[in-house]
Amino acid sequence: MRPGNEEEVATSPSLPQAKPKMRMRIKVRDRLYWKQVWCQLMNFRNFQLFFKLFLIQKKIKNCQTCQQSKQAEMLNNRKQAVDELLQTEKNYIISLAKVKMFFMIPLQELYLKKQYKDFTEEDFDNLFGNLTDVVLIGTKFHKELLHEVERAKNSAQALIGKVVAEKAEEFLSYAKYMGSFDTALEVLGRIQKKKEIAAVLKDAVVKSAGGLDLGSYLIMPVQRLPRYEVNYTHIYIYIYIYR
């Protein structure tokens, strides 16, 4: 073997020593790469988690907003229902007061003077029944409603059911009035055919300034009871928001 070959053989084992260094470099690079991938993956997962939390918070906020909006709507609806009850009750009492002033008093004077034999005290009682009691009940009920609204300082928060419960027994007078209503219509139909009494009724329509005849006024208490039911139902629907 030539001397030059020995030198080559001696130096040849040094060549494979570079391979482990390259492998280590490759491993380091792999680790860095996968570390970056892992960080990106974690960032993506964190982003997903953050995005989900954002959506949840937004949904909760929207639900709260919707609930507040719904509560405000219910508050407004209940206020409108109570205000409607107060206004219709006021108009109802005014109408009944017109009956008493422009129809009952003139006809009462008519039979007291005994100028017309066709209209007696019995006819008067059958015509108006216990309307005086109904007028008194309605007037007190309206005052109690106003007092409760003033106490609550807001018609939406007024305890309307309490007022109704306290006046429930008095409203039984409506049953008596409705029971004699058919008789009242019969009497009215008969006396309207009398010229003198018809003139008195016509004059009462003009003075009342309402444009309604006596029959239209007499039926108001009968129509008022179903109207109460509608008002109370609307108020009852929106009552539990304040509980």
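Read on for an overview of the structure. Everything quoted here is computed from the prediction, not taken from an experiment.

Time to look at the overall build of the protein chain. When its secondary structure is counted, the protein chain shows 10 helices and 0 strands. Its helices and strands in sequence order give the protein chain the pattern α-α-α-α-α-α-α-α-α-α, from N to C terminus. Taking all 243 residues of the protein chain together, 26% fall into the buried category.

This paragraph deals with the packing of helix α4 (residues 131-152) against helix α5 (residues 160-167). Where α4 contacts α5, the two axes come as close as 10 Å, and the packing angle between them is 150°. One way to sum up the angle between α4 and α5 is to call them roughly antiparallel. Two packed elements cross with a definite hand, and for α4 against α5 that hand is right-handed. Where α4 abuts α5, its residues Lys140, Phe141, Glu144, Leu145 and Glu148 lie against Ile160, Val163, Val164 and Lys167. Split into classes, the residues belonging to the contact of α4 with α5 amount to 5 nonpolar, no polar and 4 charged.

This part covers unusual backbone geometry. Residue Lys153 is not a glycine yet carries a positive backbone phi of 65°. Along the chain, Lys153 turns up in the loop between α4 and α5.

Next up on the list: the pattern of salt bridges. Applying the stated criterion to the full structure yields 7 salt bridges. Between Asp123 and Arg190 there is a salt bridge, with the nearest N and O atoms lying 2.7 Å from each other. Here Asp123, found in helix α3 (residues 121-128), pairs with Arg190, found in helix α7 (residues 181-191); they are 67 residues apart in sequence, far enough to count as distant. Assessed through its relative accessible area of 10%, Asp123 is described here as buried.

Counted under the stated rule, the structure contains 9 aromatic pairs. Residues Tyr111 and Phe124 carry aromatic rings whose centres are separated by 5.2 Å and whose planes lie at 45° to one another, so their mutual orientation is tilted. Residue Tyr111 is found in helix α2 (residues 18-113), and its partner Phe124 is found in helix α3; the two are separated by 13 residues along the sequence. Across the pair, Phe124 and Tyr111 agree in class, each one buried. Look at Phe141 and Phe171: their rings are 5.2 Å apart centre to centre, the planes differ by 90°, and that puts the pair in the edge-to-face class.

Okay, the side chain of Ser208 next. Note that Ser208 resides in helix α8 (residues 195-208). Accessibility expressed as a relative area gives 3% for Ser208, which makes it buried. From its side chain, Ser208 meets the backbone oxygen of Val205 in a polar contact 2.8 Å long. Ignoring any residue separated from it by four or fewer positions in sequence, one finds Ser208 in contact with Lys98, Phe102 and Tyr217.

Let us look at α7. Within α7 the residues assigned to the buried category are Phe181, Ala184, Val187, Leu188 and Ile191. Projected onto a plane normal to the axis of α7, the buried residues spread over an arc of 115° and lie on a single side. Turned more than 90 degrees away from the buried face of α7 sit Asp182 and Glu186, all of them exposed. The inward-facing, buried residues of α7 contact α3, α6 (173-179), α8, α9 (214-218) and α10 (220-237).

The next thing to look at is the packing of α3 against α7. Running from amino to carboxyl end, α3 crosses α7 at an angle of 125°, the nearest separation of the two axes being 7 Å. Classified by the angle their axes make, α3 and α7 are oblique. Crossing hand, α3 versus α7: left-handed. On α7, the residues touching Asp123, Asn126 and Leu127 of α3 are Thr183, Ala184, Val187, Leu188, Arg190 and Ile191. Within the contact of α3 with α7, the residues separate by chemical class into 5 nonpolar, 2 polar and 2 charged.

What counts and what doesn't
Residues numbered from 1 in each chain as written. Predicted model: local features only at pLDDT ≥ 70, side-chain atom pairs only at ≥ 80, totals over all residues. Heavy atoms only, no water. Helix = DSSP H or I, 4+ residues; strand = E, 2+ residues; numbered from the N terminus. Buried < 20%, exposed > 50% of the residue type's maximum accessible area, 1.4 Å probe, protein only. Axes fitted to C-alpha atoms, helices over the stretch in contact; angles between N-to-C directions. Parallel < 35°, antiparallel > 145°, perpendicular 65-115°, else oblique. Left-handed = near helix turned anticlockwise from the far one by under 90°. Contact = heavy atoms within 4.5 Å. Nonpolar A, V, L, I, M, F, W, Y, C, P; charged D, E, K, R; others polar. Salt bridge = Lys/Arg side-chain N within 4 Å of Asp/Glu carboxyl O. Phe/Tyr/Trp six-rings, centres within 6.5 Å; stacked < 30°, edge-to-face > 60°. Polar contact = N/O pair within 3.5 Å; in protein donor to acceptor, adjacent residues only side chain to side chain. Arc of directions from axis to C-beta.

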